[in-house]
Amino acid sequence: MAKNPFKEFYPVPSVDELIDIAFGRSAKKSASIPSRFNSVLRAKRGEVNRIKNVSVTIIERIINIIQSVPNLDVLHPFYQELSHLLVDKDKLKQSLGRLNGIIPVLQKLLSSQIREINKSESSNRCGVLRRQYYARVASILKEQKSTLEYLEEARRKLKTIPVIDTEMPAIVIAGYPNVGKSSLVRLISTAKPKIREYPFTTKEIIIGLYKKSDDMKVFQLIDTPGILDRPMSVRNEIEKQAILALRTISNIIVFMFDPTATSGYPIDSQISLFNEILHEFIEQVNVPYLMVINKMDLATAEEIDYLKANLPIDENEKNYVITNAKDGVNMDSLIESIMRLIKKHDLFHLDLSKFEK
Ligand SMILES: Nc1nc2c(ncn2[C@@H]2O[C@H](COP(=O)(O)OP(=O)(O)OP(=O)(O)O)[C@@H](O)[C@H]2O)c(=O)[nH]1
Ligand SMILES: [Mg+2]
């Protein structure tokens, strides 16, 4: 699997946690003042060290948080499309800006407090100044409460985006419910399909891998229950957005038909959904496609002929395959057709010679 762009977006601490982190470490690190110094000097050194440690610890941590937030603008469009739905990109940027903005404030506070400590004439005063510094730092951090909360909320949402391998040809399966899509994915996936939910719906995408051998990934099959199985007119905005996202990763569309009545969807509805997908994916973004006429064991010759007569069948191009996804009939020709398209369209410039039979 390609890298998960949100993996290193680590949990964002709450204000209280951040305060604990900063003041916790400083307490441990204050013991190494040479004993030859007199007590005021020792107090000054000690307190300066402590507040420096607090400052370094917090600033390090803040930089760490900022750096762990992925830059949405440079992600693969698949993640960009989905993240639009989950987080407000501008608000995320503003939050990072606000957090970043306290670094110079903390630095300035540190230098001025060091000056004050160095000027002081008693150990007691040094302690007072150190405590004053702690209180100021705490109040600067407390102002970041909602910013930190927002970042953590954004992180949790982004983490739910399904991870796909953007470097491997992705074959997206479309077609009405019950036509045999999942059966197909199960049959030709050589790796156990992974199931991931779309973050904003209860819908999930299922990613199966077709490999020739264990170390050789060839393509990924993506089954999208509830997303590419209905007319556009009945979709809500969220589902339309999911389709936009899918478009960015689809290298090939496999559209599956059930020419019999067993799936419960009339063949004309299936044809019209196919035409919509043709429009969405193929005409607009030029995705190569393959038609699969499934349930050949149940279909009559008339049913198959009717379907073929209404589809852009091209016998020379062999842009269709007739299958039985229950018993695994004609799976080899399906894989061959997919491989032919991968080669023809030079998808991701994979070195396909090693996949030749
Ligand atoms: N006879 C026969 N049954 C099939 C064939 N392909 C799939 N089926 C059966 O059809 C039913 C639906 O298959 P699924 O693979 O779940 O279909 P699907 O398109 O994934 O359905 P949804 O997930 O609901 O969209 C199952 O009972 C399968 O066993 C086939 O070629 N022949
Ligand atoms: Mg299914």
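Computed from a predicted structure; not experimentally measured. (Residues numbered from 1 in each chain as written. Chains lettered and ligands numbered in written order. Predicted model: local features only at pLDDT ≥ 70, side-chain atom pairs only at ≥ 80, totals over all residues. Heavy atoms only, no water.)

What follows covers helix H9 (residues 267-285). With 19 residues, H9 ought to run about 27 Å at 1.5 Å a step, and its terminal C-alpha atoms sit 26 Å apart, in line with that. At Leu 278, H9 shows its strongest bend, of approximately 35°. Residues of H9 that are buried include every one of Ile 267, Gln 270, Ile 271, Leu 273, Phe 274, Ile 277, Leu 278, Glu 280, Phe 281 and Ile 282, and no others. Buried residues in H9 make contact with strand S1 (170-174), helix H8 (237-249), strand S5 (252-257), strand S6 (289-293) and helix H10 (301-309). Once H9 ends, the next one or two residues include Asn 286, with phi positive near 60°. (Helix = DSSP H or I, 4+ residues; strand = E, 2+ residues; numbered from the N terminus. Expected span 1.5 Å × (residues − 1). Bend = angle between axes of the 7 residues up to and from the residue. Buried < 20%, exposed > 50% of the residue type's maximum accessible area, 1.4 Å probe, protein only. Contact = heavy atoms within 4.5 Å.)

On to the pairing of strand S4 (residues 216-223), then. Both faces of the sheet carry side chains from a regular strand, because those side chains alternate between them. A large share of S4 lies buried, amounting to six of its eight residues. In terms of strand pairing, S1 meets S4 through four bridges, oriented parallel. Residue pairing in the sheet places Ile 173 in a bridge with Asp 223 of S4. Pairing analysis gives seven bridges linking strand S3 (residues 204-213) to S4, with the strands arranged antiparallel. The partner of Ile 206 across the bridge, within S4, is Asp 223. (Pairing = 2+ DSSP bridges.)

Moving on, we get to unusual backbone geometry. Of note in the backbone geometry, Lys 318 takes a positive phi value of approximately 45° without being a glycine. With respect to the element layout, Lys 318 can be found in the loop between H10 and strand S7 (320-322). Although it is not a glycine, Asn 330 sits at a positive phi angle of roughly 70°. Mapped onto the secondary structure, Asn 330 falls in the loop between S7 and helix H11 (331-344). Asn 330 gets classed as partly exposed once you look at its relative accessible area, which sits at 33%.

So, on to the site of ligand 1. Inspection of the region around ligand 1 gives 15 residues, with Asn 178, Lys 181, Ser 182, Ser 183 and Asp 297 positioned closest. Here Gly 180 contributes a backbone N or O atom positioned 3.0 Å from an oxygen atom of ligand 1. Within the contact set of ligand 1, an oxygen atom lies 3.2 Å away from a backbone nitrogen or oxygen of Lys 295. (Near = heavy atom within 4 Å. Polar contact = N/O pair within 3.5 Å; in protein donor to acceptor, adjacent residues only side chain to side chain.)

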